[in-house]
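An overview of the molecular structure
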Amino acid sequence: MNTQTANNTHEVAQETIRITGSEAIIRCLLAEGVDILYGYPGGAIMPVYDELYKFRNEIHHVLTRHEQGAAHAAQGYARISGRVGVAIATSGPGATNLITGIADAQIDSTPIVCITGQVASHLLGSDAFQETDIVGISTPVTKWNHQITKSEDIPSIIAKAFYIARSGRPGPVLIDITKDAQFGELDFKYEKCTGIRSYIPIPKTNPEAVLAAAELINNAKKPLIVWGQGVILGKAENELKAIVEKTGIPAAWTILGASALPTSHPLNVGMVGMHGNYAPNKLTNECDVLIAIGMRFDDRVTGNLSTYAKQAKIVHFDIDPSEIDKNVKTDVAVIGNSKDSLAKLLPLLNENNHAAWLQEFHDLYHIEFEKVIKHDLSPTKEGLTMGEVIKQINTETNGHAAIVSDVGQHQMIACRYAQFTTTKSNITSGGLGTMGFALPAAIGAKMAAPDREVVAIIGDGGFQMNIQELGTIFQQKAAVKVVVLNNEFLGMVRQWQQLFFDKRYASTEMTNPDFIAIAKGYYMNAKRVTKREELAGAIKEMIASKEAYFLEVCVEKEDNVFPMIPSGASVSDIRLE
């Protein structure tokens, strides 16, 4: 179907029946294949919760302990499954508590649909109890939003919401529904949305652009691929692997692109960005063709734009035309779904190996290994490092676990050292950098993929931002493995204070509670590790557990994460110490 001319075209799901708006909402969710949703009840959404009770055998509602937790859980569900996550909340503070998760989903292109209750339509604008303009508040951080005031609009708007959330470059959608629309009746018939006039979620790929890209790549002497989450969202992992292996081009990844290509692949040269690997960062400014696939040239990747890859021809593959030339000027732009674009590119590429160029990456890796990696993974000092914890988790899971990391030093260490064998295995807050993300996101991930091992890596600061979600783990019996790396600091901020603010540790030292006692209060198996000889056995016990498990590892208080590109510096200025 041509989406340029389609005007709210649909697939008919069922015959017309007379029901309330609140029942219509539940039937819409079921028609979209929703089996789990995350939320918190309240007055303005109570009619929907009443219907959820009636449909409790068909759709599972997860009572999180905070609405922010519901949004992050929906994100975790979406990120590991590739399906749309759903969160639900009441009006006023319930709705505003979703905003951080919605903003996180927007910048990380995560498909979620959030449904909020609202005061009755005749009260709109009157400052009624628990009234907020959630549509106005959420407009900057949603892909689309809409307020429903009439029950008969519910099916078409929800259908549109799911279509927009999942299509093209995914993102969050918020639907606000007044209480009278929930109580009102309508003749219900659900039709899935398959197109919207003027909305082109997947632009048609220009064959001439693909030819031009192939020519640049075939003639390159020092090409470098940098891929991002667009490869995962586009389900283009096989196409990426085929291109890398056919051409012999070294390939590096952004944080959200991690796991699209196995960590152990010989042409996987590591992570780019502020705390990425030495070689791909340094050699970005020496390659002659930079092939960016499904990544947006975020400032944490590029460093100082005025010095970023100025010697290179830039080939940019992306589904979103607005990303082209936004930060980095491209020589060839290939717009379209990554799977389709890379499939068209593959037969046009020459077989090659670029062995001498690849050796430059290996040489720089050995420098990084001696200066940084060896000390992170096999330290000689007495205190435990975050890196050796990740290394031991790799050993026990054989790289098959999904790692859900929070934000901070532990996040960078987890992304640097986790070994991935399966796509959709690195779930973290990228663009927004949301502390408190990991615990609820891990719940959503585990419920979406119950057969996968899901390990949350969290700092002691971020853990306390959504610590209440331990209650959700307990009530849902979600077998999440929670690892808190406790350095008694807001570690990333402390590192910056040490390096750039003369060690003035302003408001970054943490006086923490007894995490083990808290975890046990939620009836979780829990253990604290303070010595290296305890680590392997504790992680083995945690991974072997069939139930949720909490592990606190007390690590070095003032370790820093290197390499590091100082803020505003060139990628060439990456520091190893």
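The rules we used
- Residues numbered from 1 in each chain as written.
- Predicted model: local features only at pLDDT ≥ 70, side-chain atom pairs only at ≥ 80, totals over all residues.
- Heavy atoms only, no water.
- Pairing = 2+ DSSP bridges.
- Helix = DSSP H or I, 4+ residues; strand = E, 2+ residues; numbered from the N terminus.
- Axes fitted to C-alpha atoms, helices over the stretch in contact; angles between N-to-C directions.
- Contact = heavy atoms within 4.5 Å.
- Domains from an automatic or database assignment.
- Buried area = accessible area lost by both parts, 1.4 Å probe.
- Salt bridge = Lys/Arg side-chain N within 4 Å of Asp/Glu carboxyl O.
- Polar contact = N/O pair within 3.5 Å; in protein donor to acceptor, adjacent residues only side chain to side chain.
- Nonpolar A, V, L, I, M, F, W, Y, C, P; charged D, E, K, R; others polar.
- 1 Å grid on protein atoms, 1.4 Å probe; cavity = no way out; pocket = protein on both sides within 12 Å on 5 of 7 lines; lining within 4 Å.
- Points joined across faces, edges and corners; volume = space filled by probe spheres on them.
- Buried < 20%, exposed > 50% of the residue type's maximum accessible area, 1.4 Å probe, protein only.
- pLDDT = per-residue confidence, 0-100.
- Core = buried A, V, L, I, M, F, W, Y, C linked by side-chain atoms within 4.5 Å.
- Expected span 1.5 Å × (residues − 1).
- Disulfide = S-S within 2.5 Å.

1. Re the sheet that holds strand β21 (residues 525-529)
Hydrogen bonding along the main chain pairs the strands of a sheet, whether they run parallel or antiparallel. One open sheet holds the 6 strands; their spatial order is β18-β17-β19-β20-β22-β21, and the pairing between them is parallel. Two strands lie at the open edges of the sheet, namely β18 (426-428) and β21, each paired on one side alone. With strand direction ignored, the average angle separating the axes of adjacent strands in the sheet is 20 degrees. Here helix α18 (residues 438-448) sits on the sheet and contacts β17 (402-405), β18, β19 (454-459) and β20 (481-486); the angle it forms with β19, its principal contact strand, is near 175 degrees.

2. A look at the domain arrangement of the protein
Split into domains, the protein comes out as domain 1 (2-196), domain 2 (207-361) and domain 3 (378-554). If you average the C-alpha positions of domain 1 and of domain 3, the two centres end up 31 Å apart. Between domain 1 and domain 3, the residue contacts involve 25 residues of the former and 29 residues of the latter. Taking both partners together, domain 1 and domain 3 bury about 2000 Å²; carbon and sulfur atoms supply 62% of that area. Contact with domain 3 buries surface across domain 1, with Arg65, Arg79 and Ile80 losing the most and accounting together for 35% of the total. Summed over the shared surface of domain 1 and domain 3, the result is 0 salt bridges. The interface formed by domain 1 and domain 3 includes 10 residue pairs in polar contact (both at pLDDT 80 or more). Elements with a contribution of two residues or more to the side of domain 1 that touches domain 3: β3 (36-39), β4 (60-63), α3 (67-81) and α5 (99-107). With 10 residues, the top contributor of residues to the side of domain 1 that touches domain 3 is α3. Here the side of domain 1 that touches domain 3 is built from residues that sort into 9 nonpolar, 12 polar and 4 charged.

3. Description of the layout of surface pockets
The calculated volume of the second largest pocket comes to roughly 460 Å³. Thr263, Asn268, Gly270, Asn277 and Tyr365 are, among the 21 residues lining the second largest pocket, the residues nearest its centre. Among the elements of the structure, β13 (268-271), α12 (278-284), α15 (355-377), α16 (386-397) and α17 (409-417) are those that each provide at least two residues to the lining of the second largest pocket. In terms of residues, the lining of the second largest pocket owes the most to one element, α15, which gives 6 residues. The class makeup of the residues in the lining of the second largest pocket is 10 nonpolar, 8 polar and 3 charged. In terms of domain composition, the lining of the second largest pocket takes at least three residues from each of domain 2 (207-361) and domain 3 (378-554).

4. A closer look at the side chain of Lys481
Tracing the chain through its elements places Lys481 in strand β20. On the accessibility criterion, Lys481 (1% relative accessible area) is buried. Reaching out from Lys481, the side chain makes a polar contact with the backbone oxygen of Ile543 at a distance of 3.3 Å. Here Lys481 is in contact with Glu453, Val454, Val455, Ala456, Met542, Ile543, Ser545, Glu547 and Tyr549, once residues within four sequence places are set aside.

5. Observations regarding empty space enclosed by the protein
Within this structure, the stated rule accounts for 5 cavities of 30 Å³ or more. When its volume is computed, the largest cavity comes out at roughly 100 Å³. Contributing to the lining of the largest cavity are Asp376, Leu384, Thr385, Met386, Gly387, Gln409, Ile413, Val555, Glu556, Asp559, Asn560 and Val561. Secondary structure elements with two or more residues in the lining of the largest cavity: α16 and α17. Along the lines of polarity and charge, the residues of the lining of the largest cavity split into 5 nonpolar, 4 polar and 3 charged. Looking at the second largest cavity, its volume works out to about 40 Å³. Every residue lining the second largest cavity is listed: Ile217, Ile225, Ile243, Ile249, Ile291, Ile293, Phe317, Leu342, Leu345 and Leu349. Elements that contribute at least two residues to the lining of the second largest cavity include exactly β14 (289-293) and α14 (338-345). Class assignment for the residues of the lining of the second largest cavity results in 10 nonpolar, no polar and no charged.

6. What to know about the confidence of the model for the protein
Averaged over every residue, the pLDDT of the protein is 96; the share at 70 or more is 98%. The model gives residues 1-10 a pLDDT under 50, and that stretch makes 31 contacts with residues more than four places away or in other chains.

7. Section: the nonpolar core
With 97 residues, the main nonpolar core has Leu290, Leu345 and Val553 as its most contacted residues. For this core, the leading source of residues is α15, giving 7 residues. Both domains that furnish three or more residues to this core are identified here as domain 2 (207-361) and domain 3 (378-554). Setting aside anything within four residues of it in sequence, one finds Leu345 in contact with Val210, Ala213, Ala214, Ile217, Ile243 and Phe317. Membership of the second largest hydrophobic core comes to 53 residues, among which are Ala73, Ala87, Leu470 and Phe550.

8. Description of helix α9 (residues 207-219)
The end-to-end C-alpha distance of α9 is 19 Å, a good match for the 18 Å that 13 residues give at a rise of 1.5 Å each. In the core, the buried residues of α9 are packed alongside β14, β15 (313-318), β16 (332-335) and α14. Backbone nitrogen of Glu208 and a side-chain oxygen of the N-cap are separated by 2.9 Å at the start of α9; the cap is Asn206.

9. Points about the state of the cysteines
Counted under the stated rule, the structure contains 0 disulfides. No disulfide involves Cys193; its nearest neighbouring cysteine sulfur is the one of Cys28, lying 12 Å away. Here Cys193 falls in the buried class, since its relative accessible area comes to 7%.

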